[in-house]
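Each chain is listed here by its residues.
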Amino acid sequence: CKFYTIPDWIATRTHLDKQNNSRSLIVNNRTHEICVVDGASSSVWQMIVEGKTLEEIRHYAESMEYDPHELNGLLAEFIDADLISLEGKNNVGIGIGCTPPSAIDVELTDEETTEWIEIEAEYRQWCIENGYLFATFIETNYRCNERCVHCFNPGAAHQDHERPKRNRAELTFEELKKQIDDLFQLGVFRITLSGGEFFLRKDAFSIIEYIRSKKMDVELFTNGLLLNEDKATKLAALWPSEVGVSLYSANPIIHDQITRVPGSWEQTIGAIKRLVAKGITVKIKCALMK
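Keep in mind the model is a prediction, meaning the values are calculated, not measured.

### Comments concerning the overall build of the protein chain
Along its length, the protein chain carries nine helices and 10 strands. Taking 2.2 N^0.38 as the reference for a compact globule, 290 residues should give roughly 19 Å; the C-alpha atoms of the protein chain span a radius of gyration of 21 Å, in line with that estimate. Oriented by its inertia axes, the alpha-carbon framework of the protein chain measures out at about 75 × 40 × 35 Å. The burial tally for the protein chain puts 46% of its 290 residues in the buried class. Surface summary for the protein chain: the accessible area is close to 15,400 Å², and the carbon and sulfur share equals 53%. Where the 32 positive side-chain charges of the protein chain centre and where its 44 negative ones centre are 10 Å apart.

### Comments concerning the packing of aromatic side chains
Tallied over the entire structure, the rule returns nine aromatic pairs. For the ring pair Phe-199 and Phe-205, a centre distance of 5.6 Å and an interplane angle of 45 degrees mean the geometry is tilted. With respect to class, Phe-199 is no different from Phe-205; both count as buried. Each residue in the set Tyr-123, Trp-126, Tyr-132, Phe-134 and Phe-189 is aromatic and connected to the rest through ring pairs, giving one cluster. The aromatic ring of Phe-184 is capped on one face by Lys-214, whose charged end is 4.9 Å from the ring centroid. Over the aromatic face of Phe-221 sits the side chain of Lys-285, whose NZ or CZ is 4.2 Å from the ring centroid.

### What about the sheet that holds strand 3 (residues 22-28)?
Reading across from one edge, 2-3-4 is the order of the three strands in this open sheet, with antiparallel pairing throughout. Two strands in the sheet have a free side with no partner beyond their single neighbour: strand 2 (10-16) and strand 4 (33-38). The average angle at which neighbouring strand axes cross in this sheet is 10 degrees, direction not considered. With seven bridges connecting them, strand 2 and strand 3 associate as antiparallel partners. Considered in strand 3, the bridge of Thr-12 is made with Ile-26.

### Quick word on the sheet that holds strand 9 (residues 242-246)
If you trace the five strands from one edge of the open sheet to the other, you get 6-7-8-9-10, paired in parallel fashion. Of all strands in the sheet, those with a lone pairing partner are strand 6 (135-139) and strand 10 (282-285), marking the two edges. Taking each pair of neighbouring strands and ignoring which way they run, the sheet shows an average axis angle of 20 degrees. Bridging between strand 9 and strand 10 involves four bridges; their strand directions are parallel. Directly across from Ser-246, in strand 10, lies its bridge partner Lys-285.

What counts, and at which threshold
- Residues numbered from 1 in each chain as written.
- Predicted model: local features only at pLDDT ≥ 70, side-chain atom pairs only at ≥ 80, totals over all residues.
- Heavy atoms only, no water.
- Helix = DSSP H or I, 4+ residues; strand = E, 2+ residues; numbered from the N terminus.
- Rg over C-alpha atoms; globule rule 2.2 N^0.38 Å.
- Buried < 20%, exposed > 50% of the residue type's maximum accessible area, 1.4 Å probe, protein only.
- Areas by Shrake-Rupley, 256 points an atom, 1.4 Å probe, with all protein chains shown as cover.
- Lys, Arg positive; Asp, Glu negative; His and termini not counted.
- Charge placed at Lys NZ, Arg CZ, Asp CG, Glu CD.
- Phe/Tyr/Trp six-rings, centres within 6.5 Å; stacked < 30°, edge-to-face > 60°.
- Lys NZ or Arg CZ within 6 Å of the ring centre and 35° of its normal.
- Pairing = 2+ DSSP bridges.
- Axes fitted to C-alpha atoms, helices over the stretch in contact; angles between N-to-C directions.

Limitation: the analysis is restricted to geometry and does not speak to function.
In C-alpha cells, the structure reads:
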C-alpha cells in the first residue's frame, strides 16, 4: 500500500464552507510559496494529510468521477512543488533531515510577495465568512531578559531603581497543548508565539514542535538574545513561517539604552544574521517612541 508523505516544511489546513465544499491552504516554508486548492482536489489533499493510501485516494477519485489523468496531474504538481513525496522515493531535498535553505536559495520578487499577500488575504477573508478563526496570538509568559523602558507587560519595571513584578504564573506545557488543541478545532491555521521573551521558557521548542505536528503554521516574536547557533539551527528545522525580532535602533548605544541591557544590540543583530543565513524569514520590529 503506497502512500504519500508531507515534508516538515509544509503548513496546511483544510476547511469546509457552509455548503460542505472543501478548501485547502498550503504553504511551503522552504520555497516560500503558497497555494489554495478547492473541491475534489482539496479532498484529495486532505486524504494525503491524513495518511490515506494511494489506493484509497484513487478509489475516492473514482467515486467522485475525478478524471484519472487529472488526478495523476494533480499529484505530479504536488510532487513538483515539494508538497508531497511518495514513500520510499528518495526525492532530492525531501525528508525529515533536510537542511534548511540558505538565504541565497530563496529570493522573492516584489510581484511574488504581493501575490502571496493577496492569496493569503483572500483565504483569510473566506475563513471569516465561513466561521473559522484563521490566526491567533499567544503570550506564553511575561518574563524577559531585557528591561525595555517602554515595556507594556504587567509588572514591568521602567526605572532603574524599580524591581520588576512580572506575573510568573504561566500556563504549563500540558495546559498550552490543550489550548492549541482547542484552537485547532476552531480552524486556526497560524499561531504566533510571544512573551515576555518566549525562549526563556524551557519548553519553548516543545511548544513549537507540538503546533507543527498538527501542520499548523508558526510565527515567533523574540529579542533574539538566546538564539545562539545551536538554537537557531534547531528552530530552522521546525520551519517557522516568520520570526519577528525587536530592534530599536541602528545605533547600538540607543538600542542598549532602550533595552537597558549592555551588549543587547550586538546579540540581537547576531541572531538576525544567524536566522537569515538559515533561510528563515525575519521581520525586524521597531516600536516608535520619543
